[in-house]
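What follows is the residue order along each chain.
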Amino acid sequence: MFNEIMVVRCIVKCLCIYCIPSHPIELKGVVVTPVFFTKFSFRIRTRTGAVVDHLTIQGRDEGEAQRKLRQMYRDCEVLEARRLAVTGRAGASFEEVVDLLSG
């Protein structure tokens, strides 16, 4: 339980998505559920006509990733959108995150 509380503190203080627990935990009467993000790759045409390849944006789903994309590239045309394959582990332990931040 100690590691899970420290993980939640890490999320609140530094917005580190790598230290989200893989199962819901309760902290001070509030249940914190994990949030998983998926990477999406986009190929777009900007409003000036330039084609931009390999734009990678994280989101809970494709709709959220496109919303973030359109905040950065207003009035763009999405030519291609695809979900990127997930490789490696979905999360990290508290100790791994501390090693990453201090190393």
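Draft legend 1. Main features of the overall build of the protein. Secondary structure assignment for the protein yields three helices and five strands. Its helices and strands taken in sequence order, the protein reads α-β-β-β-β-α-β-α from the N to the C terminus. Across the 103 residues of the protein, 22% fall into the buried class. For the protein, restricting intrachain contacts to residue pairs at least 6 apart in sequence, the fraction spanning at least 24 positions comes to 41%. Carbon together with sulfur atoms contributes 54% to the accessible area of the protein, which is approximately 7,500 Å² in total.

Draft legend 2. Here's a closer look at the pairing of strand β4 (residues 51-59). Of the pairings in the sheet, the one linking strand β3 (residues 38-45) to β4 comprises seven bridges and is antiparallel in character. Pairing of F42 across the sheet is with L55, part of β4. Adjacent in sequence and paired antiparallel, β3 and β4 are bridged by five residues, among which G49 carries a positive phi angle near 100°.

Draft legend 3. Molecular detail of the environment of E80. The topology assignment puts E80 in strand β5 (residues 77-83). Exposure remark for E80: the relative accessible area of 38% places this residue in the partly exposed category. Spatially, the C-alpha atoms of E80 and I44 are 6.9 Å apart, while their sequence positions differ by 36 residues.

Draft legend 4. Main features of the nonpolar core. Listed in full, the eight residues of the largest apolar core are F40, F42, I44, L55, I57, A65, L69 and C76. Mapped by element, the contributors of at least two residues to this core are β3, β4 and α2 (62-72). Top contributing element to this core by residue count: β3, with three residues. Excluding its chain neighbours within four sequence positions, the residues that come into contact with A65 are F40, F42, I57 and G59.

Draft legend 5. Examining unusual backbone geometry more closely. The backbone of H54 shows a phi angle near 60°, a positive value even though the residue is not glycine. What makes H54 exposed here is its relative accessible area of 62%.

The rules behind the values
Residues numbered from 1 in each chain as written. Predicted model: local features only at pLDDT ≥ 70, side-chain atom pairs only at ≥ 80, totals over all residues. Heavy atoms only, no water. Helix = DSSP H or I, 4+ residues; strand = E, 2+ residues; numbered from the N terminus. Buried < 20%, exposed > 50% of the residue type's maximum accessible area, 1.4 Å probe, protein only. Contact = heavy atoms within 4.5 Å. Areas by Shrake-Rupley, 256 points an atom, 1.4 Å probe, with all protein chains shown as cover. Pairing = 2+ DSSP bridges. Core = buried A, V, L, I, M, F, W, Y, C linked by side-chain atoms within 4.5 Å.

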